[in-house]
Amino acid sequence: MSRSSLQWDDLKCPIQPWIRTAIDVMGFDQMTPVQASTIPMFSQNKDVVVESVTGSGKTVAFVIPVLERIISEGANKKSFKKGHFHSLIISPTRELAKQTKIVIDEFLKQYPDDMYPIKAQLLVGTNENTVRDDVNDFLENKPQILVGTPGRLLDFLQMTSVKTSSCGMVIIDEADRLLDISFVKDVEKILSVLPKQRRTGLFSATISSAGDSIFKTGLRNPVKIKVNSKNVAPSLLKLNYVVVDPELKFQYLLNLLNNYRFKKCIVYFPTCISVTYFYSFMQYLQNEFKNSKHPFLNEDLQIFSLHGKLQTASRMKTLDSFTETLTNAVLLTTDVAARGIDIPDVDLVVQLDPPTDSDIFLHRCGRTGRANRIGQAITFLNKGREEDFVTFMQVKNVELEEINNLELINPCENFYDIFKKWILQDRARFDHSIKAFVAFIRYYSNHSASSIFRLQSLNYVAICKMHGLFRLPRMPEITKYLKDDPENPVVFADGWLVNPPINLDNFAYADKKREKKRLDELKRTQDIHDKKKLKYELKKKNMAWSNKTETKETKAERRLKMSIKRKAIEEQLAKEEANNSSGEEVEQDWKDVIMQTKKRKTASNDVQGAFDDL
């Protein structure tokens, strides 16, 4: 596609003058290839399946057709029925849904005041709004466009006052995610209540991973639009990796944030709990060492945390704050912020560990280098087997270049001791560190590239120290795979990484109520153990030596009793057979009688009831 064909004036379909004005106001000087290919098709009578690299302008590519068809089909007239809507946009996350609505609202700022208004409504699960609240807003404001997440949209569409018969367009954004096992059932239910005669658009950077699921979306003779398939990553986005000792990984991250030149940075952690844990420690380092000669983190660097376990309002507020801040900022997050989110001025992305799904890798990297801006994405790989990840991604047409000169500037020799000291200030941090470590091991075991990311290849001690742990958790993975040299042990007795070990009985919570509860529980446990131990010792002390082993005489006596019992049973069986008036033969072994008697006793002692739900 030539450069001249990317001019908005050369778009192969007419667009409303006010939409053209909005394009200029929003600073879109020219179209991207996906916009030039998609808008003419989707604005008219074609279903589309669009696969284009992250940051290539897919949102605008479906927003313009939505607005064009609302006008061409008369949904912007006063006669449009109450309780009906025209377009439905489904997003996998609340953040992406909100961002899509913001883009729509930016276009609608240029909509003529003398025309019947076009409105959009956001439908995501929050603590503030119930589905009933959303329905009331819908009936009052009469929006033609609904943007939301699958769960809330499904609940909303099932309300009797919401009518679906006028829906003329459906957009499934990040379609590969919405058509995987997590969302596909809800998406199918949503589509089943919508008219079959509608336009449907599927948009994603990796639509091919959705496989046959795209045929469940009701597409009718769709046009496949695939842009930039040879170069999977945008040309101005640098994809780098660095191989590190896992024990030093967190120090490398701090070093990068403190010395690398960036305006905004997103750091991807493997789990929600690791975001919370390392966010707390980074705040401590920033405040505690701000006046030192070599601070771990610059004082003016703003740090934010965002993950899926936070309440919706908190997530939205954090994302807004990170987006709007004018100073250098870092966002610690999980894959909840990996897709579709467009945050201005993000010029660095760091992945502490590669994602379990290789398709997510490009989604993460694509938060920078968007819309022809320069960006860099750096991925940390643990020394050893993980270096094969580079070759693995080459097969997927993703080229990673190694950074050889990333060294620790002013390395801290006693960093582990600083980490340990911080944890020892509050037992809650110790609990948190163990949970973060265990969550990481579970995360690691779910990698799709299981031949590379293997539990038996992990350096468990180094990863424990990276999390600040001073004792190995009791986990089957560690028991099975940890290889410790008996001549040069890295682990002391009972899994301790420090010597002498720490007295955990005296390790207190900073929270007084929680500490009192722990001490009460500890005393109760000690009392139980003391009573059991005393009872065992007394029993052992008072037991005669002759009773400690079973003698031959005892065994012989037991055999004699069994013989007498067997003979009595056989005589009883013979007697019953002789008295059997019907002449039927009774063949029953004496052992069977004993077994049936035991079964009857067991059945009579069983507790009746069903406990499947416990």
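Calculation rules
Residues numbered from 1 in each chain as written. Predicted model: local features only at pLDDT ≥ 70, side-chain atom pairs only at ≥ 80, totals over all residues. Heavy atoms only, no water. UniProt positions renumbered as here; feature names shortened; annotations may be inferred. Helix = DSSP H or I, 4+ residues; strand = E, 2+ residues; numbered from the N terminus. Buried < 20%, exposed > 50% of the residue type's maximum accessible area, 1.4 Å probe, protein only. Contact = heavy atoms within 4.5 Å. Areas by Shrake-Rupley, 256 points an atom, 1.4 Å probe, with all protein chains shown as cover. Salt bridge = Lys/Arg side-chain N within 4 Å of Asp/Glu carboxyl O. Phe/Tyr/Trp six-rings, centres within 6.5 Å; stacked < 30°, edge-to-face > 60°. Lys NZ or Arg CZ within 6 Å of the ring centre and 35° of its normal. Pairing = 2+ DSSP bridges. Axes fitted to C-alpha atoms, helices over the stretch in contact; angles between N-to-C directions.

As recorded by an unreviewed UniProt entry, the protein chain carries the name ATP-dependent RNA helicase and is attributed to Naumovozyma dairenensis. Its UniProt record gives the protein chain a comment under Sequence similarities (unreviewed entry), which states: "Belongs to the DEAD box helicase family. DDX55/SPB4 subfamily." For the record of the protein chain, the UniProt heading Subcellular location (unreviewed entry) holds the text "Nucleus, Nucleolus".

Participant: Would you mind showing me how to read the overall build of the protein chain here?
Facilitator: Counting secondary structure elements, the protein chain contains 20 helices and 14 strands. When burial is assessed residue by residue, the protein chain has 48% of its 614 residues classed as buried. Excluding contacts between residues fewer than 6 apart, the proportion of contacts in the protein chain whose partners are at least 24 apart in sequence is 77%. Per element, the accessible surface of the protein chain, about 33200 Å² overall, is 49% carbon and sulfur.

Participant: How do you make sense of unusual backbone geometry when you look at a structure like this?
Facilitator: Only a minority of non-glycine residues have a phi that is not negative, and only a minority of peptide bonds are not trans. Cis geometry is adopted by the peptide bond preceding P500, which originates at N499 and carries an omega value of 5°. Along the chain, P500 falls in the loop between helix 17 (476-481) and helix 18 (512-542). For E174, which is not glycine, the phi torsion reads 50° and is therefore positive. Within the fold, E174 resides in the loop between strand 5 (169-173) and helix 7 (175-178). Its identity is not glycine, yet D494 carries a phi of approximately 60°, on the positive side. Relative to the assigned elements, D494 resides in the loop between helix 17 and helix 18.

Participant: Would you mind showing me how to read the pattern of salt bridges here?
Facilitator: Where charged atoms from two side chains of opposite charge approach closely, those side chains can pair. All chains considered together, the criterion is met by 19 salt bridges. One salt bridge connects R20 with D9, and the closest N-O pair in it is separated by 3.3 Å. Residue R20 is located in helix 1 (residues 17-25), and its partner D9 is located in the segment before helix 1; the two are separated by 11 residues in the primary sequence. For D431, the salt bridge is made with R514, and the minimal N-O distance between the two is 3.6 Å. Pair noted here: D431 is in helix 15 (residues 427-445) and R514 is in helix 18, with a separation of 83 residues, a long-range link.

Participant: How do you make sense of the environment of L319 when you look at a structure like this?
Facilitator: Within the secondary structure, L319 sits in helix 11 (residues 312-324). Looking at L319, the relative accessible area reads 9%, which means it is buried. Not counting the four nearest positions on each side in its chain, L319 is found in contact with E95, L306, I341 and I343.

Participant: Is there a simple way to explain the packing of aromatic side chains in this structure?
Facilitator: Inspection of every chain in the model, using the stated rule, returns 33 aromatic pairs. Summarising the aromatic geometry, the rings of W18 and Y111 are spaced 5.0 Å apart at their centres and angled 85° between planes, so their arrangement reads as edge-to-face. Of this pair, W18 sits in helix 1 while Y111 sits in the loop between helix 4 (94-108) and strand 3 (120-123), placing them 93 residues apart in sequence. Of the two residues, W18 and Y111, both sit in the buried class. Through pairs of rings, three or more aromatic residues link up here, namely F250, F269, Y277, F278, F281, Y284, F289, F296, F415, F419 and W422. Stacked on the ring of F322, the Lys or Arg K264 has its end atom at 5.6 Å from the ring centre. A cation over a ring is seen here: K465 above Y416, with NZ or CZ 5.4 Å from the ring centre.

Participant: Would you mind going over the UniProt feature "domain: DEAD-box RNA helicase Q" (unreviewed entry) in the protein chain with me for this structure?
Facilitator: The feature "domain: DEAD-box RNA helicase Q" (unreviewed entry), as annotated in UniProt, sits at residues 8-36 in this numbering. The distance separating the terminal C-alpha atoms of residues 8-36 is 8 Å; by composition the span is 45% helix and 0% strand.

Participant: I tried to follow the sheet that holds strand 9 (residues 264-268) on my own but got confused; where do I start?
Facilitator: Sheet strands pair via backbone hydrogen bonds, and the direction of the pair is either parallel or antiparallel. If you trace the 7 strands from one edge of the open sheet to the other, you get 10-11-9-12-13-8-14, paired in parallel fashion. One side of each edge strand has no neighbouring strand; the edge strands of this open sheet are strand 10 (302-306) and strand 14 (401-402). Taken strand by strand, helix 10 (residues 272-288) contacts strand 10 and strand 11 (329-333), and its axis lies near 165° from that of strand 10.

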